[in-house]
Amino acid sequence: MATYEFPPMLIDAQNELDQVRADLRTLFERVPWSVEPMDAWETHENAWRPASRPASPGWDPEHAAAIARGEGTRTR
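Residues numbered from 1 in each chain as written. Predicted model: local features only at pLDDT ≥ 70, side-chain atom pairs only at ≥ 80, totals over all residues. Heavy atoms only, no water.

### Focus on the overall build of the protein chain
Within the protein chain, the regular secondary structure consists of 2 helices and 2 strands. The C-alpha radius of gyration computed for the protein chain amounts to 19 Å, which surpasses the reference 11 Å derived for 76 residues by more than 25%, pointing to a less compact arrangement than a globule. For the protein chain, with 76 residues in total, the buried portion stands at 17%. Of the contacts formed within the protein chain by residues at least 6 apart in sequence, a portion of 48% connects residues at least 24 apart. For the protein chain, the exposed area adds up to about 6800 Å²; of that, 56% sits on carbon and sulfur atoms. (Helix = DSSP H or I, 4+ residues; strand = E, 2+ residues; numbered from the N terminus. Rg over C-alpha atoms; globule rule 2.2 N^0.38 Å. Buried < 20%, exposed > 50% of the residue type's maximum accessible area, 1.4 Å probe, protein only. Contact = heavy atoms within 4.5 Å. Areas by Shrake-Rupley, 256 points an atom, 1.4 Å probe, with all protein chains shown as cover.)

### Structural notes on the packing of aromatic side chains
A complete count under the given rule lists 2 aromatic pairs for this structure. Each ring, one from Y4 and one from F6, has its centre 5.1 Å from the other, and the planes form 85 degrees; the classification is edge-to-face. Using a relative accessible area of 46% as the deciding quantity, one classes F6 as partly exposed. When the centroid spacing of 6.2 Å and the interplanar angle of 35 degrees are considered together, the rings of F28 and W59 count as tilted. Residue F28 is found in helix α1 (residues 8–29), and its partner W59 is found in the loop between β2 (52–53) and α2 (61–69); the two are separated by 31 residues along the sequence. Relative accessible area serves as the criterion here: at 41%, F28 is assigned to the partly exposed category. (Phe/Tyr/Trp six-rings, centres within 6.5 Å; stacked < 30°, edge-to-face > 60°.)

### A closer look at the environment of I11
Along the chain, I11 turns up in helix α1. Taking the C-alpha atoms as reference, I11 lies 34 Å from P32; in sequence the two are 21 residues apart.

### As for α1
Between its terminal C-alpha atoms α1 stretches 32 Å, which fits the 32 Å expected from 22 residues at 1.5 Å a residue. Regarding α1, the residues found buried are E16, V20, D23 and L27. Relative to the axis of α1, the buried residues are bounded by an arc of 65 degrees and lie together on one face. What points out from α1, more than 90 degrees from its buried face, is the exposed set R21, R25 and E29. Tucked inside the fold, the buried residues of α1 contact α2. (Expected span 1.5 Å × (residues − 1). Arc of directions from axis to C-beta.)

Printed below as a string of structure tokens:
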């Protein structure tokens, strides 16, 4: 099987992308599931895939601003 030596710049970019994804996942775990306030819901009893969500107070302005800024993520 042939091996290929990837350019260091490409490897660095991929590593940075992986870190940004991890940082965003951590950020999204701290905020409510819905950006805007939403009532709780669940699928009806005959749904092929039951699902539900609790009520969400929505994001407060601080959370929205942090995510818009990409807070917690690295940039070049």
